[in-house]
Amino acid sequence: MGYASGVGREAPPFLLKDVQGNEISLAGYRGDWYVVVAFLPARDGINESLAALDATTEELWGLRAQIVGVVVGDPADVDSRTKTADRVAFPVLADDGTLARMYGIGRAGSAHKTVVIIDRAGKIVHTADDAHCLVAEKLTSELRRVVR
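Every value quoted in this text rests on a predicted model; they were computed, and no experiment measured them.

S.K.: Requested: an account of the pairing of strand β7 (residues 124-128), with residues and values cited.
M.R.: The buried fraction of β7 is high, at four of five residues. Taken together, the four bridges between strand β6 (residues 114-118) and β7 define a ladder with antiparallel strand orientation. Paired with Ile-118 across the bridge in β7 is Ile-124. Between the end of β6 and the start of β7, which pair antiparallel, lie five residues, with Gly-122 showing a positive phi angle near 90°.

S.K.: How would you summarise helix α5 (residues 136-147) if you had to cite specific residues and measurements?
M.R.: Across its twelve residues, α5 extends 16 Å between first and last C-alpha, which sits within 8% of the 16 Å expected from 1.5 Å per residue. Those residues of α5 that sit buried are Leu-139, Thr-140, Glu-142, Leu-143 and Val-146. The arc enclosing the buried residues of α5, seen along the axis, measures out at 160°, which places them on a common side. Buried residues along α5 sit against β3 (34-41), α1 (46-54), α2 (57-62), β4 (65-72), β6 and β7.

S.K.: Hey, could you go over the environment of Ala-131 for me, with residue numbers and the actual values?
M.R.: Relative to the assigned elements, Ala-131 resides in the loop between β7 and α5. Residue class for Ala-131 comes out exposed when judged on its relative accessible area of 75%. In sequence terms Ala-131 and Thr-114 are 17 residues apart; their C-alpha atoms lie 9.1 Å from each other.

S.K.: Give me unusual backbone geometry: which residues, what numbers.
M.R.: Keep in mind that most residues, glycine aside, have a negative phi and that most peptide bonds are trans. Backbone geometry at Arg-64 places phi at a positive 60°, although glycine is not the residue there. Along the chain, the position of Arg-64 falls in the loop between α2 and β4.

Conventions and cut-offs
Residue indices begin from 1 for each chain and proceed along its sequence in written order. Where local features are concerned, this predicted model is filtered to residues with pLDDT of at least 70; where side-chain atom pairs are given and counted, the filter is 80 or more; whole-chain, interface and lining totals use all residues. Hydrogens and water molecules were not included; the side-chain quantities draw on all heavy atoms of the structure. For every residue, the accessible area obtained with a 1.4 Å probe (protein chains only) is divided by the maximum for its type, and the residue is called buried under 20%, exposed over 50%, and partly exposed between those limits. In this description a helix means any DSSP run of H or I spanning at least four residues, a strand means any run of E spanning at least two, and both kinds are numbered starting from the N terminus. Two strands make a pair as long as DSSP finds a minimum of two bridges between them. Multiply 1.5 Å by the residue count of a helix minus one, and that product is the helix's expected span. Working note: the arc is built from the helix axis to C-beta atom directions. Any two residues whose heavy atoms approach within 4.5 Å are treated as being in contact.

Structure, rendered in structure tokens:
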């Protein structure tokens, strides 16, 4: 899985705008929060994926983790497909594929659903790109495992 397979490595930094126009950076979470970065392709079903992540928000906050959704695709496509992004309790960032490539996710400009958990020091502590990586129980279980 490219760079993301390097659990223990420093996570590539980012500074991107969310769908409301606010700048969000990985450095802004350092020291205080685990960051669950969920890379999502800008395809049909994106709003269902965002809703699934939103359902885990409170439980993850209790574990001192913050979700950051990264929707990967053409910027115009991201805007048109993320209609519920302003109703979720976490930032949703638009990525033209640059950040996804930095994390080793996707081929030839297309990303796939992938979750990367980054610890408070900025190190990658977990990655998952299977079909169930957004399932609430699996996500919280993995976070509990790495928070210990």
